[in-house]
Amino acid sequence: MSGFLHVSGADLACVAPELVLAGFATLILLLDAFARPIRAFFPYVTLLALALANLAGGNVSGLFFGGAVESSGLTRFIELVACGAVALAVLGGAASLARDRRNQGEFYALLLFSAAGTIVMVRGVDLLVVFLGLELMSLSLYVLAAWYRDVPAATEAALKYFLMGALASAFFLYGVATLYGRIGTTRLTALQGFSSSSSFVPFDVLLGAGLLAIVAALSFKIALVPFHGWAPDVYQGMTTPAVTFLSTAPKAAALIVLLRLLHALFPAGLSEPWRPLFAILAAVSILFGNVVALSQRDLKRMLAYSGIAQMGYAAIAVATFTRDAFEGVLVFLAGYLVTNAAAFLTVAGLSGGETEPRTLGDLAGLGRRHPVAASVLSLSMLSLAGIPPTVGFIGKFLVFRAAVDSGLVGLALIGVLGSLVSVGYYLRVVYVLWMKEPVGDVTLVPEDLLSGAAFLLTAALMLAWGLFPRALLHLARGAAITLSGR
Amino acid sequence: MNQLWLIPVLPLAGFLLNGLVALVASSVRAEQESGADHAGAPLPYVQRLFHGVVGVGSVGLAAVLSFAALVPYAIGSLHAPGGLAPIVQKVYTWMAAGDYTVDVAFRLDALSALMLSFVTFVGLLIHVYSVGYMQKEEGYGRYFSFLNLFMFAMLTLVLADSLPLLFVGWEGVGLCSYLLIGYYYDKDFCAAAGKKAFIANRLGDFGMVLGIFGVFALFGTADFSFVELAKRQALSGNAPLGVYAVCLLLFLGACGKSAQVPLYVWLPDAMAGPTPVSALIHAATMVTAGVYLVARCSALFVLAPDALTLVAWIGAGTAIFAATIGLAQNDIKKVLAYSTVSQLGYMFLACGVGAFSAGMFHVFTHAFFKACLFLGSGSVIMSMHHEQDMRKMGGLARRIPQTFWTMFAATLAIAGIFPLAGFFSKDMILGSAAASGHWGLYAVGLFTAGLTAFYMFRLVSMTFFGKARGDGHAHEHAHESPATMTVPLWILAAFSVVAGLLGVPAALGGSDRIARFLDASVAHPEIHEMSHVSELVLMALSLGVAVTGLVWAWRWYGKAAGPVEAVSKQAQAFYGKTGALGRLVANKWNVDEGIEALFLAPFRKIGTFLWRGFDALFIDGIANASAFLVELLGDLLRFFTTGHVRNYALAFTLGFAALVAYVWLT
Amino acid sequence: MNLHPLGADLLTTLVFLPTLGALVLAFLPGSSKVAAKAIALVTSFLTFGVSVLLYRAFDPSIGVPEAFAIDRPWIPQFGIRYQLGMDGLSLALVLLTTLLTVSVLLVSCGQEIERIKGYLIAFLLLETGMLGSLVALDTLLFYVFWEVMLVPMYFIIGVWGGKRRIYATMKFFLFTMAGSLLMFVAILFTANVHLHATGIQSFSLADWTRAASSGAWHLAPATEALLFGAFALAFLVKVPLWPLHTWLPDAHVEAPTGGSIILAGVLLKLGTYGLLRFAYPLFPHAAARYGPLLAVLALIGIVYGAWVAAAQKDMKKLVAYSSVSHLALVVLGIVAGTGAALSGAIFQMIGHGLTTGLLFLLVGVLYSRRHTREMADYGGIAARVPVTTTLFLIATLGSIGLPGLNGFIGEFLILGGVFQVSVVWAAVAATGMVLGAIYLLTLVQKVFWGPETVPANRTLTDINGWELAGAFPLVALIVLLGVFPRPLLTLVEGSVYTLQRAAVRVAPENVRPAAGTGLKRPGVDERAAPRAEAAR
Amino acid sequence: MPAGGGQLVVFGFASFLALAFALLMVVQKTPVRSVLSLVVTFFGLSVLAILLAAPFIAALQIFVYAGAILVLFLFVIMLLNLKEEAADKDDRPVQRTLGLLVALALGGLLAGATLHAPVPPRGPRIGAPIPMPDEIPALGRLLFSDYLFAFEVLSLLLLVAAVGALLLSKRRFE
Amino acid sequence: MTGVLPGVAPMAVPPGAFLVVATLLFAIGLAGALLKRNALSIFLSIELMLNAVNLLFLTYARMRGDLAGQMIVFFVIAVAAAEAAVGLAIFVALFRAHRTVDVDKIALLKW
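A short tour of the structure in this document, coming up. (Residues numbered from 1 in each chain as written. Chains lettered and ligands numbered in written order. Predicted model: local features only at pLDDT ≥ 70, side-chain atom pairs only at ≥ 80, totals over all residues. Heavy atoms only, no water.)

What to know about the overall build of chain B
Part 1 of the reasoning: On a plain count of helices and strands, chain B comes out with 26 helices and two strands.
Part 2 of the reasoning: Dimensions of chain B, computed from the C-alpha atoms along their principal axes, are close to 120 × 65 × 55 Å.
Part 3 of the reasoning: The buried share of chain B, taken over its 666 residues, is 60%.
Part 4 of the reasoning: By sequence separation, contacts in chain B at least 24 residues apart represent 81% of the contacts at least 6 residues apart.
Part 5 of the reasoning: When the accessible surface of chain B is split by element, carbon and sulfur atoms take 71% of a total near 23000 Å².
Part 6 of the reasoning: If you average the places of the 38 positive and of the 37 negative side-chain charges in chain B, the two averages end up 8 Å apart. (Helix = DSSP H or I, 4+ residues; strand = E, 2+ residues; numbered from the N terminus. Buried < 20%, exposed > 50% of the residue type's maximum accessible area, 1.4 Å probe, protein only. Contact = heavy atoms within 4.5 Å. Areas by Shrake-Rupley, 256 points an atom, 1.4 Å probe, with all protein chains shown as cover. Lys, Arg positive; Asp, Glu negative; His and termini not counted. Charge placed at Lys NZ, Arg CZ, Asp CG, Glu CD.)

Here it is in structure tokens:
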């Protein structure tokens, strides 16, 4: 119990990244209100904010604010992921937003807030803080979903995302309440104590239901079958730069929180009903996502379903629940961030603005006109398919390896089967890019400096992490240790 | 002469030289003719000269070398008791892997010396003959390069010291016959005939290869030292069954190469090639390789008597079978072809009864008179402006006397008239057949001798006697061939007269040199000697049969006169006398048709079925179907995303409920 | 053990030189075709040069792939190493690969190809993939290269292919992927087994083989069978063994000339290479138990492939099916496992690469002029294209195993080796000789001989300089290897001996004192002989 | 605060009120009525809150929920002048039945589970003990010590909400 | 769950009763969320669910004599307010774009 209104410098250092992000977000809001002409610079301001946030992070470690939040390898990881996601979203999206005259400051502010929320979510050791982070992240995203609020599709996406999100929040809270009632605390650290301590609560149905309520809520964020319904619609209706963020960082955060909670409850590893349960979730998501993605022609919907499948792979790690698995899934998530962002870069650049759907056909012959963009997109498709030497392969390798090592060979086989199916639609994109004659003249918005940088950055990361994964693995191992306590 | 390898390599060099020049020339010509019609104009004189010189020269040198090698050896071994030891020269190790080590080594012993002698000699003559015969051909250079390649392969075959190396020559000659039969590649039937020849040979080689491995397995080596091992019955683990199998497999190879039933079918078609080729490859040398192989492995064959008997009967069967077909052919070269098949049958008959030296002797004599006959027929055909149908000939004796006389001599020789070459060799075969107590084989052989005499004299009569038939024009311009062709004819004719004297039997006061000479290198199972009297009786008998054949043919065809119809009426008469059998014979017993119907057609049908049916429908069916099903599943499942947020909420809740239920129930 | 003063990184150079070239091409400004071709050619020649250097420096007495070894940590967290090395087997295939790439690039210089820059880049990357998988000794590294190969080939077929190229390339990709993904799981599983058995986390082939041959893994027969199955499947799809072969004809027919050459010349061989390098040494018991099954499939494949080939009307399809038949023979040799059979199998891998590569090259020459592969559209063109005809004939004869050409050596040794194991197998396999003659000679007859029926062929032009330059080395080798096969045989005998030793415990009768194969050389004996004795 | 028996009565009445009007809210077709019936439910809830020794929360319940949020709802409903839901029958029988079933099932299951669950052990206590009758100072202290960070995050949350609401309800872009 | 934890002031009404009421309210809210067609009504139902959860928190807090529960409820109410603001704004925008807030009529994005 920390003192009244007592905040130490360490406390601030711990949450410095959030402070920086929130501060800059507010700054941008003010600038947008009073110095509209400099809108063109908001992307750069945002990037600056992200850079500073990263510099500010990771200087202290341990529990702060009276044990409500922590700073650790894990938070370091999510800081990088969240900021990276925003960065890529901004880099890739600035041009198209400017073209549509939708580059108001709020966009960047909300992205930054959302990133802050994402970080808080993982930083929170108290489930209440986690919930608040979750809400901060979600609220911003609800608004961003309706960014093109005059476009019916956008508002519909916002509606669906919002209603489902609210429902999920209710379930989340129900779960927290139950945990609180049965165990008496909302602190993960304290939970960790409970199962070992003499006052062990027999894991009755109520507690199980409570935990499951939280699992359901988080699975909704992660978009695992059957909690995935919103994803395709929202991806399709939401403005692409925002999707770039939505499809990566929040999922990562939710997954990490899930792992933390489970590890707090089952430090000795998942017990009987839980492991198969997550295995089933993973398997269903992998198969459903891949199979349905196969029948999609709208790029963003396809990517949504592919995302569902990808998160299924990540869920394998939840079922495996060893340190290697944690490590693997973190690498997988980092890779997924870069790869997915790379995919959305081109999609965002496609002409037609947010009012038109982006279909596979729009890519026809892009390989001739924009070889760089097409190459990067192809690369990201290969990475998503898990073909070496891309980071996608490394991620899958680590996850599968962990699964096989802990005897989940069947799950690995299902995953493999899924990737075989996935090759079908990932390569279809490549085929359209390079081997199909263009129908209309679909072009990208002029590749400005930012998006060019984004293309090169993502490509470089996909390959570099695929060829020399040591650094990434090091980061992930640091985070995994926080997660598994070992 | 300690450089045996030079003998085959010289023609090889010739082949490379001729081949490259011919290739360059033809590609230049192709450039010029691009788009235009393809005019088969003869080559410029200089190039022709080059090819001729290189072609003939290389073979000539090889011949000189080989005689320089074999004459001393022959004389030496005739005087040395038990003959000289074979000369073996290793050049380099060809391949060595696992238990298989094969050297490139050449061997000169009685057997190969005998072969060498007539292969190089006849080969040289035919090269010379070709210079004249092919001069108007566009493919002159190609022709000579192939011919040289053939000489290389044949000499390798003869001189090889191991079965694998022999197999190199074996397949090499097969290739050359393929190429040379298909020499007129722009004619469909030539190309087809060449392919047929190669494939039939391959069928034999299938057995040959396995046989070679069998020898490896039996003796641990496949160079001809295994013959000695076999003589000493030094099998690694006495395996009679293995021996039978190996013998039969090797004999299968021999059948393919030497056109024995049932693999003989390719030889008649092989006549599609230029006539000198038929003479050299398909009469004198290559086709006798099978006999050579059996003789070479005789020590092995005698370990499997039953196998030998089979060989004998196959030979006899082929002999009479082919002879019957020969009776009714009207294409002059076809007659000779079938006669060749029949004569080869004789040779195997000889081997089969254990008289390997007799078989080789017949190979030797046959080379001369059959080569002579073919070259003669070539001369006839050329004078008739490429007319091969005997029904359109007749009365050519006066037009082309040299050709006539040489061919007439050869005919008598092959018919086995005393004292020409054929008489002695054939008599030696029949004699040993009788001596070995195979009276059935003897009878067949005897009857075949009669048939031979008949169809050969039929050929001569229809071609040279009587009045000219067909269009007079051809006859007006029928003229004798140039010296490059007639000289070889005369030489060969001479040899067909005297070659037999090498093997005058003791009964006639001779000393049967050939047998003694070969004894060194072929096995000779115990055949109890017959009394000279009975030998003489048998000779008289066979002579009588031959003469009968001649007379008969003369009675039917000798006075053949008048236009084509008359003769064809005579042919009809022949059929009338022989009835349906005759027609069947004239149709070559419908063997080709049978093969087509029984094997080739089903082969093609099944192949197509496997492709369109099994591959395309079944395997790809499964693959494509599964892909399609997954797509379909996707198209169905996507409708779970109804677009109605309430459904999503419901799914969410149901999912939650399901999870709870799962945890509750477990 | 690094044998030679030549830098330890020679292999790295070998593998990544083509990538370097590809990068240079990729960033080459402008669209100067000449410059692109020049760069690609130079790169491939340099790579070939490196491989020749390796050959010169190689000591054939080495039976295990440790020549020019490189061993560095790659992902140390999981014991994955950047481990390269060579033995005769891989060296032979490396030489083949670099040579064929040179030919392909030469040919492509002589023909009109659109978007040639990408074409060249794809081939260079492909070369890296192939070389990498040939020298990689860490199973995961191998898998990486193995998969990397797929992508450029996917593009080559998909972008520069024929009418049904998309179907073909997807089929190729999915068939191969299906196999290799299973292998991927198997690799992970094996690594886990190794970890539990030895406590060492390693993907290194050397460690695995040692453990496997010392029986340290204590695998249950069923498990070993499954693992072997997964590995074998991945490789047999690539080979391809009946009934997994149906992707090959499509891929071949649709692929551009260069693609077909590389596909038939190298990619298929990687399947058999994988069998020899991984599947057999790692799971000898299962290999021995299921050998007969493989043999039966191989025998079916030999006859079946040839038989279907005889029914083809499309030149490329015919050659493709002939590959099915020939590779099945190679697999049979591997299964037989005797010294001769193995040497023959390896020899045949090289030989088939040369002959079939040449065949596809020449078909490509015709195709580039007439844009049809139907035999019926040709006929009687021998007089128009004498040189092409001659080369084609040589390739054909080499392919049907005419003595004196390379095809015979491989066939002869394989059949001989198989004969020692089972006469029946040998007999059935030998029918391939006959059938081969049937369909290939039919091909020659229909295309080059007979009367000139199609008027369009009257303007057919003969093979041009570039193409000839690409074809010549192949022809030369076809003849040379036929007449002097020893260098190649000695190059691989060390590997062969090792392979036999790996199989000794399973089938002792398969190993006889290799007569006169020069294995008495101390280099091998000191390492091999004692164990071989112990095994008996 | 009434004694034990009285408490029971109050509890019964309040909870009945809450449940009944909650049901009413669900079955109501007109949004306005739904909102109003929810107001009643909230009053009931605040009474229960008082019974649970949380008068401050009870007050909040009235002020924030009934007072602010629901009024906001009403305002929006008026703004969009939503009549009662379209007269046509609900065209989604599956959704209806399944939804009803799963809601009932879950309700029953969870309620049952709650009843059967044993009283948990004390376990760790994170907050301060509840001082009765006046807990507000304690709450305040807690809010600005342990929950300080949460409080800050909450402020951000409200800022975002404000910005978002402003943004979304603006008609034009500039 | 009947009764409070040891060392906590006893309750006249067994906490179990409160919990059941809360759970039922949660279920009712859920039913509303699933059955209503008007976006606002759905959101309204969800608000009810939140309140049910609040009641749970309060009850548990009382059972344990632990103030944290009430603290959490305080936050939840605030969050609910924030959500309401954003949500209603979204509905307004939605209505402007679609002229309806009937979720069954809004399905441009599907499959």
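Some words on the interface of chain D and chain E
Part 1 of the reasoning: The partner chain E presents 75 residues to the 90 residues of chain D that form the contact.
Part 2 of the reasoning: Summed over both sides, the interface of chain D with chain E buries roughly 7100 Å², with 76% coming from carbon and sulfur.
Part 3 of the reasoning: Where chain D meets chain E, there are zero salt bridges.
Part 4 of the reasoning: The interface formed by chain D and chain E holds seven residue pairs in polar contact (both at pLDDT 80 or more) in total.
Part 5 of the reasoning: Those elements giving two or more residues to the side of chain D that touches chain E turn out to be α1 (4-27), α2 (31-51), α3 (55-79), α4 (93-116), α5 (136-143) and α6 (148-169) of chain D.
Part 6 of the reasoning: Considering each element in turn, the side of chain D that touches chain E owes the most residues, 13 residues, to α3 of chain D.
Part 7 of the reasoning: For the side of chain D that touches chain E, a count of residues per class yields 65 nonpolar, 13 polar and twelve charged. (Buried area = accessible area lost by both parts, 1.4 Å probe. Salt bridge = Lys/Arg side-chain N within 4 Å of Asp/Glu carboxyl O. Polar contact = N/O pair within 3.5 Å; in protein donor to acceptor, adjacent residues only side chain to side chain. Nonpolar A, V, L, I, M, F, W, Y, C, P; charged D, E, K, R; others polar.)

Description of the side chain of K317 of chain C
Part 1 of the reasoning: Looking at the secondary structure, you find K317 of chain C in helix α12 (residues 315-336).
Part 2 of the reasoning: Buried and unpaired, K317 of chain C has no salt bridge, with D250 of chain C as the nearest side chain of opposite charge at 4.1 Å.
Part 3 of the reasoning: Beyond its immediate chain neighbours, meaning those up to four positions away, K317 of chain C contacts W611 of chain B together with P249, D250, V253 and Q312 of chain C.

Observations regarding helix α5 (residues 163-181) of chain B
Part 1 of the reasoning: If you check α5 of chain B, its first and last C-alpha atoms are 26 Å apart, about what 19 residues at 1.5 Å a residue would give, namely 27 Å.
Part 2 of the reasoning: Across the 19 residues of α5 of chain B, 19 count as buried, placing the element largely inside the fold. (Expected span 1.5 Å × (residues − 1).)

Details of the pairing of strand β1 (residues 67-75) of chain C
All names here are of chain C.
Part 1 of the reasoning: The pairing of β1 with strand β2 (residues 80-86) spans six bridges and is classified as antiparallel. Across the sheet, I75 pairs through a bridge with I80, a residue of β2.
Part 2 of the reasoning: Between β1 and β2, which pair antiparallel in sequence order, lie four residues; one of them, G79, sits at a positive phi of approximately 65°. (Pairing = 2+ DSSP bridges.)

A look at the interface of chain A and chain B
Much of the literature gives interface size as the accessible area that the parts lose upon coming together.
Part 1 of the reasoning: Counting residues at the interface gives 35 residues for chain A, matched by 22 residues for chain B.
Part 2 of the reasoning: Both faces considered, chain A and chain B share a buried interface measuring about 2500 Å² in area, 79% of it formed by carbon and sulfur atoms.
Part 3 of the reasoning: Our count for the chain A to chain B interface comes out at one salt bridge.
Part 4 of the reasoning: One salt bridge connects E631 of chain B with R428 of chain A, and the closest N-O pair in it is separated by 3.1 Å.
Part 5 of the reasoning: The tally of links between chain A and chain B comes to five residue pairs in polar contact (both at pLDDT 80 or more).
Part 6 of the reasoning: Among the residues making up the side of chain A that touches chain B, the classes are represented as 27 nonpolar, three polar and five charged.

Remarks on the arrangement of the chains
Part 1 of the reasoning: Contacts between protein chains span eight pairs of chains, and they are most numerous for chains D and E.
Part 2 of the reasoning: Separated throughout, chain C and chain D approach each other most closely at a C-alpha pair spaced 37 Å apart.

Quick notes on the pattern of salt bridges
Pairing is possible between side chains of opposite charge, provided their charged atoms come close.
All names here are of chain C.
Part 1 of the reasoning: Applying the stated criterion across every chain, the model contains 41 salt bridges over all chains.
Part 2 of the reasoning: The closest approach of N and O atoms between D9 and R72, which form a salt bridge, is 2.5 Å. You can see D9 sitting in the segment before α1 (10-26) and its partner R72 sitting in strand β1, a full 63 residues away along the chain.
Part 3 of the reasoning: By relative accessible area, R72 is classed as partly exposed at 36%.
Part 4 of the reasoning: In this structure, E112 engages K33 in a salt bridge whose closest nitrogen and oxygen atoms are separated by 3.4 Å. Of this pair, E112 sits in the loop between α3 (88-110) and α4 (116-135) while K33 sits in helix α2 (residues 33-57), placing them 79 residues apart in sequence.
Part 5 of the reasoning: The exposure class assigned to E112 is exposed, which follows from its relative accessible area of 70%.

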